Amino acid sequence: MDNKKYKLGTKLIHAGVEPDPTTGAIMTPIYQTSTYVQAAPGDHKGYEYARTQNPTRTVLQNALAAIENGKYGLCFGSGMAATDAVAKLLMPGDEVIVANDLYGGTYRIFTKVFACYGIKFHFIDMSNAENIRQHVNDKTKMIWAETPTNPLLNIIDIEACAKIAKEKNLLLVVDNTFASPYLQNPLDWGADIVLHSATKYLGGHSDVVHGALIMNDQSLEERLRFIQNSCGAVPGPHDCWLVLRGIKTLHVRMDRHCQNGEAIANYLRSHEKVGKVYWCGFEDHPNHAIAKKQMRGFGGMISFVLKDDNIEAANAVLKKTKLFSLAESLGGVESLIGHPATMTHGSIPREQRIANGLADSLIRLSVGIEDIDDLIEDLKQAIG
Ligand SMILES: *Cc1c(COP(=O)(O)O)cnc(C)c1O
């Protein structure tokens, strides 16, 4: 299909998907095979070995490229496998400027794995993109940003980062997991590589672990495809199929995530026992204007602190919710609740955690698409 012609809601359902050539099946089959028969050596239909290519994966890669307004998509066994592939573009001695408010697993792979190979990472506050400039030197190769961030929902100006990246000849990588392609398309603002943990909103049903990269530049795609095949962190065809099915309803799910998110953010803000509420849709959010510029909606990720700011008070709330399940991860149809201080960010020493703005009572919500009245009722009885 002509990807330029159609709007996102249509592309999510049709992009990359053709009726199966052998049967006409409307849904892409799960090509559960490891190899492909050749008529003579080299005489094949474009598929030789399933680490290198798989038809189910090809369809998903094309669909992902289309919905991120990119030319190329590459799929991986997890979001971290996608991150790993991007980091392998770097050489010993190279330096990377990374947003300091980022997914814990990304921080871990940079500091505990790639730092051992002689790559240097500078973790900085990117809420003002101009801060990046003072950390660029002749060894800098990449800028790595995540927006909105986890769990404080800070916003980074992708266009401003891209301007600096172009000027200094650096690659700009944006982890777009929290926004999903429905709310934000970083390539349109000048990013070079978009990364997704498709485990989250793209899959959308908490039933698959998957990662993806999307880009426009052909030589970058060739290098990353080489790494994908050489290192082999590829997803199986069934997982590709689950993500392909998930993205067909992304727009419908995201609209409800956004509606429910807004209602809950406002409810929490009016609650007498709740302190600060973090949600990028509030007009007084420090980077709300940038969120409005680069996003089409504000999503269903919300964090808040209790006025009674201690771990016990937070635990009391976590124990009482019935619809919000206590779990890591996000982006599924069901609502989740989490406690960064003891869960995702538990390995950070308390002083540093507090200095980064992660209070003891900070609670993170991944607001699902259940009935909003039931969700608010659940929070009401849990917070008391
Ligand atoms: C979950 C997540 C990842 C890692 O993805 P996995 O699929 O769990 O490997 C990376 N970035 C963000 C923002 C995430 O939320």
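As the structure is a prediction and not an experimental result, all values here were calculated from the model. (Residues numbered from 1 in each chain as written. Predicted model: local features only at pLDDT ≥ 70, side-chain atom pairs only at ≥ 80, totals over all residues. Heavy atoms only, no water.)

## Some remarks on the overall build of the protein
As a reminder of what qualifies: Every helix listed is a DSSP run of H or I at least four residues long, and every strand listed is a run of E at least two residues long, numbered separately from the N terminus. Atoms counted for the radius of gyration: C-alpha only. Globule rule: 2.2 Å times residue count to the power 0.38. Note on classification: 1.4 Å probe, protein chains only; a residue is buried when its accessible area is under 20% of the maximum for its type, exposed when over 50%, partly exposed between these limits. In this analysis, two residues are considered to be in contact whenever any of their non-hydrogen atoms come within 4.5 Å of each other.
Across its full length, the protein holds 13 helices and 12 strands. Taken over C-alpha atoms, the radius of gyration comes to 21 Å for the protein, in line with the 21 Å a tight globule of 384 residues would show. Structurally, the protein occupies a C-alpha span of about 75 × 50 × 35 Å along its principal axes. Scored against the burial criterion, the 384 residues of the protein give a buried share of 53%. Taking the contacts inside the protein whose residues are at least 6 apart along the sequence as the reference set, 72% of them involve residues at least 24 apart.

## Observations regarding the pairing of strand 9 (residues 301-306)
Note the cut-off: One bridge is not enough; two strands pair if DSSP finds at least two bridges between them.
In terms of burial, strand 9 is largely enclosed, as 6 of its 6 residues are buried. Burial along strand 9 is two-sided: Met301, Ser303 and Val305 and Ile302, Phe304 and Leu306, pointing in opposite directions, are all buried. Looking at chain direction, strand 9 and strand 12 (residues 363-366) are connected through 4 bridges and run antiparallel. Following the sheet pairing, Phe304 is matched in strand 12 by Ile363.

## Thoughts on the packing of helix 9 (residues 250-269) against helix 13 (residues 372-383)
Where we set the bar: Geometry is summarised by axes, namely lines fitted to C-alpha atoms with helices restricted to the contacting stretch, and by angles between N-to-C directions that run from 0 to 180 degrees. Reported orientations rely on four angle classes, namely roughly parallel under 35 degrees, roughly antiparallel over 145, roughly perpendicular from 65 to 115, and oblique for the rest. For a crossing to be left-handed, the near helix must be turned anticlockwise from the far one by less than a right angle; the clockwise case is right-handed.
It is at 10 Å that the axes of helix 9 and helix 13 come closest, and there the two elements cross at 30°. Taken together, the axis directions place helix 9 and helix 13 in an arrangement best described as roughly parallel. Viewed along their axes, helix 9 and helix 13 form a crossing whose handedness is right-handed. On helix 13, the residues that touch Asn260, Ala263, Ile264, Tyr267 and Leu268 of helix 9 are Ile372, Leu375, Ile376, Leu379, Lys380 and Ile383.

## So, the domain arrangement of the protein
Inclusion rule: Domain borders in the structure are assigned automatically or taken from a domain database. Summed over both partners, buried area is the accessible surface (1.4 Å probe) that two parts give up on being assembled.
By the assigned domains, the protein splits into domain 1 (8-247) and domain 2 (250-383). The gap between the C-alpha centroids of domain 1 and domain 2 is 26 Å. Taken together, the 36 residues of domain 1 in the interface contact 37 residues of domain 2. Carbon and sulfur atoms supply 59% of the area that domain 1 and domain 2 bury against each other, a total of about 3,200 Å² over both sides.

## As for the state of the cysteines
Cut-off, in case you're wondering: Note on disulfides: each one is a pair of cysteine sulfur atoms within 2.5 Å.
Applying the stated criterion to the full structure yields 0 disulfides. Left unpaired, Cys161 is separated from the closest cysteine sulfur, that of Cys280, by 16 Å. Classification of Cys161 as buried rests on a relative accessible area of 1%. Here Cys280 stays unpaired: no disulfide links it, and the sulfur of Cys258, its closest cysteine neighbor, is 9.0 Å away. Overall, the relative accessible area of 1% leaves Cys280 in the buried class.

## Quick look at the environment of Ile354
Residue placement: Ile354 occurs in helix 12 (residues 350-355). Judged by its relative accessible area of 36%, Ile354 falls in the partly exposed class.

## What to know about the sheet that holds strand 10 (residues 325-326)
Here 5 strands make up an open sheet; going across it, the order is 8-9-12-11-10 and the pairing mixed. If you trace the sheet from one side to the other, it starts and ends with strand 8 (274-278) and strand 10, each paired once. Helix 9 rests against strand 8, strand 9 and strand 12 of the sheet, and its axis sits at about 10° to strand 9.

## Considering helix 11 (residues 311-320)
Here is the rule we go by: Along the arc lie the directions from the helix axis toward the C-beta atoms.
Within helix 11, burial applies to Ala313, Ala314, Val317 and Leu318. Axial view of helix 11: buried residues confined to an arc of 140°, hence all on one face. Of the exposed residues in helix 11, those oriented more than 90 degrees away from the buried face are Glu312 and Lys319. In this structure, the buried side of helix 11 is in contact with strand 9, strand 10, strand 11 (336-338), strand 12 and helix 13.

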